[in-house]
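Residue-level structural notes
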Amino acid sequence: TQISKWQQLHAINWILRNTMTVGLIALLIVFQPELRRALEYIGRTKFLTKSIIDIEQEEINMMIEEVVETAGSLSRQKIGALIVIERETGLNEVVETGTIIKGAISRGLLINIFMPNTPLHDGAVVIRKGEILAAGCFLPLTESNNLSRELGTRHRAGIGITERSDAIVVIISEETGAISVAESGNLRRFLDLNGLRTTLTDGFESNDNKQWQFLKMKWRQKDE
């Protein structure tokens, strides 16, 4: 266009300028979806990592709170329960022994699953990443001979799965309503709700959540 302008070729200059304008508009129309996705990506990129970290922590906290409130309700009613929370070790073999649920975790759903005389109340619930994955699942029993004779099948199953995986298991006694947590083949008994909340929180902070905490610390240092 500059050459045609210098040579005073006004008609050619006008055609070239309008062709470029129309061509630019045409390109914007044709590539509109790609441009929109690119702009959305640019808008998200600055805060993406930090947002994922915050969301991950919020989901863990929400899951823990729902499990704690469920345990409190079942304990008061002396309703037995076995809640397996998956961490890094996959529990697909256990899931396959039960009924697939794939429902958002909530105390209402958990309590209903364990209500007496319902189809799934005798088995274990498996929770994966804030989702109730399956219910009515069968767990391997521990082979340890050092357990108290007071402990029944539910407690032995809870300990058994933690001997084969890194899962955390919340156990509610049907006889006493006592709350216990099994982890790494060990059993912590007679927890109150604050103790249960602390145990679960520590369990996730000591596992894969360390990576999220490390990234969060790095981002905070960068922001400062």
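In this section: unusual backbone geometry. Even without being glycine, K78 reaches a positive phi, approximately 55 degrees. When you line up the elements, K78 lands in the loop between α4 (48-77) and β1 (81-85). Unusually for a residue other than glycine, S184 sits at a positive phi of about 55 degrees. Topologically, S184 is positioned in the loop between β6 (179-183) and β7 (186-188).

With respect to topology, seven strands assemble into an open sheet ordered β2-β4-β3-β1-β5-β6-β7, the strand pairing being mixed. Each edge of the open sheet is held by one strand with a lone partner, namely β2 (99-104) and β7. Each strand axis lies, on average, 20 degrees off the axis of its neighbour in the sheet, ignoring direction. One ladder, built from four bridges, connects strand β3 (residues 124-128) with strand β4 (residues 131-137); its direction is antiparallel.

Here the focus is the nonpolar core. The biggest cluster of nonpolar side chains holds 29 residues, and the ones touching the most others in it are V67, V125, V170, L196 and L200. V84, L91, C137 and I161 belong to the second largest nonpolar core, which has 18 residues in total.

We now examine the confidence of the model for the chain. Confidence along the chain averages 82 in pLDDT terms, with 67% of residues attaining 70 or more. Mean pLDDT in the chain bottoms out at helix α9 (residues 209-223), which sits at 48, and peaks at strand β5 (residues 168-172), which reaches 98. When the criterion is pLDDT under 50, residues 46-51 qualifies, and its contacts beyond four places in sequence or with other chains add up to three contacts. Between residues 212-216, whose pLDDT stays under 50, and residues either more than four places distant or in other chains, the model counts eight contacts.

A few words now on helix α8 (residues 193-205). Look at α8: 18 Å from first C-alpha to last across 13 residues, which is about the 18 Å you get at 1.5 Å a residue. Among all positions of α8, only L196, T199, L200, G203 and F204 are buried. Down the axis of α8, the smallest arc covering the buried residues is 125 degrees, so these residues share one side. Two or three places before N194, at the start of α8, stands the capping residue D192, its side-chain oxygen 3.3 Å from that residue's backbone nitrogen.

The topology assignment puts D166 in the loop between α7 (153-164) and β5. At 4.5 Å, R87 is the nearest oppositely charged side chain to D166, a buried residue that forms no salt bridge. A polar atom in the side chain of D166 sits 3.0 Å from the backbone nitrogen of E88.

So, how was this worked out
Residues numbered from 1 in each chain as written. Predicted model: local features only at pLDDT ≥ 70, side-chain atom pairs only at ≥ 80, totals over all residues. Heavy atoms only, no water. Helix = DSSP H or I, 4+ residues; strand = E, 2+ residues; numbered from the N terminus. Pairing = 2+ DSSP bridges. Axes fitted to C-alpha atoms, helices over the stretch in contact; angles between N-to-C directions. Core = buried A, V, L, I, M, F, W, Y, C linked by side-chain atoms within 4.5 Å. Buried < 20%, exposed > 50% of the residue type's maximum accessible area, 1.4 Å probe, protein only. pLDDT = per-residue confidence, 0-100. Contact = heavy atoms within 4.5 Å. Expected span 1.5 Å × (residues − 1). Arc of directions from axis to C-beta. Polar contact = N/O pair within 3.5 Å; in protein donor to acceptor, adjacent residues only side chain to side chain. Lys, Arg positive; Asp, Glu negative; His and termini not counted. Salt bridge = Lys/Arg side-chain N within 4 Å of Asp/Glu carboxyl O.

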